[in-house]
Amino acid sequence: MFLTTSLFLLLHLLAVTFWVGGMAVMHFAVRPAAVATLEPPQRLPFMAAALSRFFVGVSVAVATALASGLALVMAAGGFARVHWSVHGMFTLGLVMMALFLHIRFAPYPRLQRAIAAKEWPVAAAQLNSIRKLVAVNLSIGVAVFALAIVGRAL
Ligand code: HEM
């Protein structure tokens, strides 16, 4: 493998690890800890602040994963030359990216508006739909890791 290809793979893996690992931390550690220790008027602004910072990182990770992934495909000679597992990775990766964009531009702004208006039940409902969508994306992300690593041996 050429050095530039290795660097694209490094960028790709750093980006997807940050994204999938970050979702796991938000889902399994940050949100349950906030639910256990904070009342809604503290918890909901805290979660919105944590998500706003995480989403900046995810936006960079998504752009990096897509660009480096496509660079790796080009380096391999194009989509006609890559293993079927890469086609699966690309398709599921696009689904994950669409879900992220949906979260970022639909329930998340509604969460922020509800917090600004101190409508705690509305904000809690939006955060709950974000939690479910993140759980779906986390599951797809783990499946894509399995597909990328185990799939290419099949
Ligand atoms: C959406 C656009 C994506 C494209 C075009 C893409 C493309 C690629 C390509 C061409 C490789 C090199 C495969 C090889 O050398 O066998 C690769 C590796 C990898 N990708 Fe992606 N990928 C994308 C998204 C993702 C996502 C979303 C994840 C995880 C959630 C992911 C996880 C991985 C992993 C773990 C590897 C390393 C596989 C290995 O070397 O054993 N990719 N990707």
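Residues numbered from 1 in each chain as written. Predicted model: local features only at pLDDT ≥ 70, side-chain atom pairs only at ≥ 80, totals over all residues. Heavy atoms only, no water.

1. Some words on the overall build of the protein chain
Here's step 1: Within the protein chain, the regular secondary structure consists of 5 helices and 0 strands.
Here's step 2: The order of helices and strands in the protein chain, counted from the N terminus, is α-α-α-α-α.
Here's step 3: Per-residue burial for the protein chain yields a buried fraction of 38% across its 154 residues.
Here's step 4: Considering only contacts in the protein chain between residues 6 or more positions apart, those separated by 24 or more positions represent 78%.
Here's step 5: Carbon and sulfur atoms make up 73% of the accessible area of the protein chain, which totals about 8,600 Å². (Helix = DSSP H or I, 4+ residues; strand = E, 2+ residues; numbered from the N terminus. Buried < 20%, exposed > 50% of the residue type's maximum accessible area, 1.4 Å probe, protein only. Contact = heavy atoms within 4.5 Å. Areas by Shrake-Rupley, 256 points an atom, 1.4 Å probe, with all protein chains shown as cover.)

2. Considering the nonpolar core
Burial of nonpolar side chains together is a common tendency in soluble globular proteins.
Here's step 1: In terms of nonpolar packing, the biggest core is built from 35 residues, with Trp19, Met23, Leu51, Phe55, Met96, Leu111 and Ile130 touching the most fellow members.
Here's step 2: If you list the elements that add at least two residues to this core, you get α1 (3-37), α2 (40-75), α3 (84-105), α4 (107-116) and α5 (120-149).
Here's step 3: Among the elements that take part in this core, α2 stands out by supplying 11 residues, more than any other.
Here's step 4: In this structure, Leu111 is in contact with Ala48, Leu51, Ala123, Gln126, Leu127 and Ile130, ignoring residues within four places of it in sequence. (Core = buried A, V, L, I, M, F, W, Y, C linked by side-chain atoms within 4.5 Å.)

3. Brief notes about the packing of aromatic side chains
Here's step 1: Under the definition given, this model contains 5 aromatic pairs.
Here's step 2: Ring centres of Phe18 and Phe54 lie 5.9 Å apart, and the angle between their planes is 40°; this geometry places the pair in the tilted category. Taken together, the residues Phe18 in helix α1 and Phe54 in helix α2 connect sequence positions 36 residues apart.
Here's step 3: Overall, the relative accessible area of 40% leaves Phe18 in the partly exposed class.
Here's step 4: Look at Phe54 and you get buried, because its relative accessible area is 12%.
Here's step 5: Centroid distance Phe79 to Phe90: 4.9 Å. Interplanar angle 40°. Geometry classified as tilted. Of this pair, Phe79 sits in the loop between α2 and α3 while Phe90 sits in helix α3, and the two are 11 residues apart along the sequence.
Here's step 6: Grouping aromatic residues by their ring pairs yields a cluster made of Phe18, Phe54, Phe55, Phe100 and Tyr108.
Here's step 7: In this structure, Arg104 packs its charged tip against the face of Phe105, placed 4.9 Å from the ring centre. (Phe/Tyr/Trp six-rings, centres within 6.5 Å; stacked < 30°, edge-to-face > 60°. Lys NZ or Arg CZ within 6 Å of the ring centre and 35° of its normal.)

4. Here's the deal with the coordination of the iron atom of the ligand
Here's step 1: Taken together, the protein donors to the iron atom of the ligand comprise His12 (NE2) and Met89 (SD), at separations of 2.0 Å.
Here's step 2: The class for His12 is buried, based on a relative accessible area of 12%.
Here's step 3: Note on Met89: relative accessible area 21%, which makes it partly exposed. (Donors = N, O, S within 2.8 Å, 3.2 Å for Na, K, Ca; no water.)

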